[in-house]
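Below are the chains, spelled out letter by letter.
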Amino acid sequence: MASSSAHLNHHHQLPNINGGATAAPPPTPSCAHPNTTTKSETAADALSRLFNRLPPNLSLPNRRSSVLSSTAASLPTVTFSAESCGDLISAATEFGYFQLADSDTILPSGLAEAAESEALSLLELSEEEKETTFPKNWPLGYEADAETPSFCLDADCATESGELKLSSLCEFTRCLEKVGLKTVEMLTSALMFKNPFGDESTRFSTMMWLNQDVPDDKPAITNGFYPFVVCLQYQIREQKYCLLSESGWVSASPRVDSVLVTLGDIAQVWRNGELKRVRYRPVVCSGQQLDDPRKSVTMTLMLTLPMDSMVSPLKDISDGDKEEEYAEEEEGGSRNEERKGFKSFCFEDYAWRVYHERLFFKDPLDRYRIKP
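About the thresholds
- Think of each chain on its own: its residues are numbered from 1, step by step along the sequence as written.
- pLDDT decides what is reported in this predicted model: residues at 70 or higher carry local features, side-chain atom pairs at 80 or more are listed and counted, and totals for whole chains, interfaces and linings draw on all residues regardless.
- With hydrogens and water set aside, each side-chain value is computed from the structure's full complement of heavy atoms.
- Under the DSSP-based scheme used, a helix requires at least four consecutive residues in state H or I and a strand at least two consecutive residues in state E, with every element numbered from the N terminus.
- In this description, contact between two residues means that some pair of their heavy atoms is separated by no more than 4.5 Å.
- Where accessible areas are quoted, they stem from the Shrake-Rupley method and a 1.4 Å probe; at the residue level, only the protein chains shown are allowed to cover.
- Burial here depends on accessible area, computed with a 1.4 Å probe over protein chains only, as a share of the maximum for the residue type. Under 20% is buried, over 50% is exposed, and the range in between is partly exposed.
- Pairing of aromatic side chains requires ring centres within 6.5 Å, counting the rings of Phe and Tyr and the six-membered ring of Trp. Pairs whose planes differ by under 30 degrees are stacked, by over 60 edge-to-face, and all others tilted.
- Confidence scores per residue from the predictor, reported as pLDDT, run from 0 to 100.

A.B. asks: Could you give an account of the overall build of the protein, with specific residues and numbers?
C.D. replies: A tally of helices and strands in the protein yields 10 helices and 18 strands. Partitioning the intrachain contacts of the protein with sequence separation of at least 6 by distance along the chain shows that 76% fall at a separation of at least 24. If you sum the accessible surface of the protein, you get close to 16800 Å²; carbon and sulfur atoms cover 50% of it.

A.B. asks: Any chance you could break down the environment of Ile-236 for me, citing the residues and the numbers?
C.D. replies: For Ile-236, the location among the structural elements is in the loop between strand S11 (230–234) and strand S12 (241–245). Given a relative accessible area of 16%, Ile-236 falls into the buried group. Non-local contacts of Ile-236, meaning those with residues more than four positions away in its chain, are made with Ala-112, Glu-113, Glu-116, Val-256 and Met-299.

A.B. asks: I'd love a proper account of the packing of aromatic side chains, names of residues and values included.
C.D. replies: Evaluated as defined, the whole model comprises 15 aromatic pairs. Between Tyr-350 and Tyr-368 the ring centres are 5.8 Å apart and the planes differ by 75°, which places this aromatic pair in the edge-to-face class. With Tyr-350 in helix H10 (residues 347–357) and Tyr-368 in the segment after H10, this pair connects stretches of sequence that are 18 residues apart. Assessed through its relative accessible area of 0%, Tyr-350 is described here as buried.

A.B. asks: Kindly report on the environment of Leu-111, identifying the contributing residues and their values.
C.D. replies: By the element assignment, Leu-111 lies in helix H4 (residues 111–123). On the basis of relative accessible area, Leu-111 is assigned to the buried category, the value being 7%. Leu-111 sits 60 residues away from Glu-171 along the chain, and the two C-alpha atoms are 7.9 Å apart. The residues contacting Leu-111, other than those within four sequence positions of it, are Ser-168, Glu-171, Phe-172 and Cys-175.

A.B. asks: Could you give an account of the confidence of the model for the protein, with specific residues and numbers?
C.D. replies: Considering every residue of the protein, the mean pLDDT works out to 77; 66% of them sit at 70 or more. Ignoring residues within four places in sequence, the model shows residues 33–40, a span with pLDDT below 50, making six contacts including any to other chains. Ignoring residues within four places in sequence, the model shows residues 332–338, a span with pLDDT below 50, making eight contacts including any to other chains.

Written out as structure tokens, the structure reads:
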């Protein structure tokens, strides 16, 4: 696959003794960071790496984890206006999800429908075409062993085919990326901490996930988790989604032409646990009638981090001498550690572990929490 703005490291595949290919063992983390890991955590990491080296039928649970029930939840509404600052803070700290009501000012009319049409055309490709056009280069590419078709594309929606054009999907991805960046900017401003993305595209990665919906079945998680800052889904039509919030599964029905926004692991760590989060992309709830269930696809944009990033709590803008205090923390000052809710960790190692372990009901951030 062509290089992308996501700046992802390449992981080769190892032979699978059961036929086909399986993912390579976890990479050696490329980020240098202080050794703050306990002996028990080191043992857990070693066990995780051992499991990842075993054949899939021995090492991992089924990818498909059904959502047995969900509770209807109120869906906070936020806009990009200054007057909505309080609504944003409330939604972020109490729920971890909300709907953006003025996204139509950024998305051109008809673009979402055109992008959806191109996404559906990918589902109609043969298995061979899917695998050759979108070769697996974790996390990018076609997910061949998922129970429902799944693609993860970079910000340019790059393919290995010179004939397949995804211009509308690419434009849609870039427009949603702008919405996501503006959301992060608004969130950091409202909560008074420095925007870690800044104005540099190398500080974030953009991924577009395409999943075929199965609304007549129980909603299910069909792929591994992937850590993100914010996750966005534009609402072309009325549809109910299930969200894996910190209080359990909840259902929400965003209004048409809004963007459903969920906050992820990275945003929560940045704010030292102050923000709520949603642990997976929103999935379509069961019992919904569609004109043609075979032609339903979810387009989910994730703003996440480059592989070589370190993840740690961020300072408030109001803190004096910010740069000096950042430097003091990097030197390992114990008095600063006491104010943190999480230890720093390497994003690449974390992303690989939570995606491939697929322990849906275990909090992957627990090992990084600093106990009082």
